[in-house]
Each structure stands twice: as structure tokens, then as C-alpha cells.
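Tertiary structure, described
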Amino acid sequence: MKLKHFLLAGFLAFTSLINAQEIKKNSIEVTGVAEMEVEPDEIIFSIGIKGDNKNDLAGNEKKLFDILKSSGIRNEDIKFKAMYQNLYSKTKIFTKNFQFKADKKTDLSSLFENLNQKWVSNINIAEIKNTKIADFRKTVKINALKAAKEKADYLLESIGKKAGTPLEITEIEDYTSDMVLPALYKSARVSNVQMEAADTGVDYSFDNIENIKLKYSIKTKYEIL
């Protein structure tokens, strides 16, 4: 009985090996790539304010909130991030950092002009977003898969064959994919915007921001018919 089981196991292993080799021999592996540019509809800004003392800082914080609210920024879109006191400075400057979210309804040019204040220490773009980015990611991945199938079809057609059942579908990790990084204004880098730039005539609007770039690759293996 043990010998029979051993022979049966060996036969099954041999058959599996033959089948695996057959699949490898009669398959084609291709990679499809798809890209898309998506217009951003939200920008997350980081902003720092300063004051000579706590009361001065509190007053500047109120001014900041008034400016943001007058530009249509809602309270729930403003978040406190950190507070810091420079003990080594002669003036013992107090600073506070916030983040706020702007959308296409926000007049960014007017907002930057109003924020061109001595008590504003810095303002940076932390992130750009599109509220429907998840749907766009799905579309790009589907297009990458379609591109892989199209490639397999025309390659096999050239030798009188055609693609059959998909045997493997693998999403390839790509460091440029799915990344929503601080954008570039088409005329100047704004990953670290200085407030003095408000007087330079730079157009701080959504129309002047580069699009979010999505790119995905899908590797597939098809049976050859």
C-alpha cells in the first residue's frame, strides 16, 4: 500500500510538473501601461504665524481665522498642527502652525494678498487632491489591463495565434503611481511659497497648477490559442 501511495504521489507530482511546463510553453506574458492627468480640486496649505508673546500670537491667530473665513474657508477645514516658543531668541518669539483646505471656490490670489502680513512666517503646499481620485485610479488600472490584452492580441495575431484565458494578472508597483505630491505652479515652484511672492504677479489659482499625474502598470499572462 505504501508503495502504491508513493507511486501515485510521484505520478501526480510529475503530471503537475508537465502541466506547469505546458502552461509556460503555451502562454504569453505582456505588460500594459496607462496614464491619466487629473485636475486638482483641493489644496492643503500649511501656514505658520508668529507673535512676540502669547497675547500677540492669539491676536494674530484671530486675524488669520478672519482672513480665511472671508475667503470662504470653513472652520472644519482649518486644523491646528503645532505651537512653538523659541527660548533662545532675544524676543522669545511664539509661533503656531495650522493647515487649511482650499477648493476651487476659493479666490487664492486674493487670499495670498491678504496673507501677505509680517506675522505670517511661512506658507507651504502640503498636498494637492482631487475628491474623485479613487474613481480615476480605478479607471487607469482598467485601461492598463485593456492595454495589456490589446498588446497580447496584436502580438499573437502576427503569428497566426490569439490570446485565450488570462492565467495571471499582476499589478506592478510603480513609485510614480498613486502619488499625490505638492504641485508645481506652471510659472514657479510653490512647494515653499514665500509671502513676498504675493507682490510678484504670480497667478495663484487652480488653473495655474499642474495636474495630478496617475500611472499604473498591469502584467498579465494569457493562454495562447
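The preceding data block contains the structure.
One structure accompanies this document, and this report is about it. Everything quoted here is computed from the prediction, not taken from an experiment. (Residues numbered from 1 in each chain as written. Predicted model: local features only at pLDDT ≥ 70, side-chain atom pairs only at ≥ 80, totals over all residues. Heavy atoms only, no water.)

Spatial strand order, S1-S7-S6: three strands in an open sheet with antiparallel pairing. Every interior strand has two partners, whereas the edge strands, strand S1 (27-38) and strand S6 (163-172), have only one. Taken pair by pair, the neighbouring strands of this sheet meet at an average axis angle of 25°, ignoring direction. Strands in contact with helix H4 (residues 133-157) are S1, S6 and strand S7 (212-224); relative to S1, the strand with the most contacts, it is inclined by about 145°. (Pairing = 2+ DSSP bridges. Helix = DSSP H or I, 4+ residues; strand = E, 2+ residues; numbered from the N terminus. Axes fitted to C-alpha atoms, helices over the stretch in contact; angles between N-to-C directions. Contact = heavy atoms within 4.5 Å.)

It is worth spelling out the pattern of salt bridges at this point. As enumerated under the stated definition, the model contains ten salt bridges in all. Note that Glu 39 is salt-bridged to Lys 104, the shortest N-O span being 3.3 Å. One end of the pair, Glu 39, is in the loop between S1 and strand S2 (42-51); the other, Lys 104, is in the loop between strand S4 (94-103) and helix H3 (108-114), with 65 residues separating them in the sequence. On the basis of relative accessibility, which here comes to 44%, the residue Lys 104 falls in the partly exposed class. Put simply, Glu 76 and Arg 74 hold a salt bridge, and the shortest N to O gap is 3.6 Å. (Salt bridge = Lys/Arg side-chain N within 4 Å of Asp/Glu carboxyl O. Buried < 20%, exposed > 50% of the residue type's maximum accessible area, 1.4 Å probe, protein only.)

Our next topic: helix H2 (residues 54-70). With 17 residues, H2 extends 24 Å between its outermost C-alpha atoms, agreeing within 8% with the 24 Å of an ideal straight helix rising 1.5 Å per residue. Turning to H2, its buried residues number three or more, namely Leu 57, Asn 60, Glu 61, Leu 64, Phe 65, Ile 67 and Leu 68. In an axial view of H2, the angular spread of the buried residues amounts to 160°, which keeps them on one side of the axis. Structural note: H2 exposes Asn 55, Lys 62 and Ser 70 on the side pointing more than 90 degrees away from its buried face. If you follow the buried residues of H2, they end up packed against S2, strand S3 (78-85), S4 and H3. (Expected span 1.5 Å × (residues − 1). Arc of directions from axis to C-beta.)

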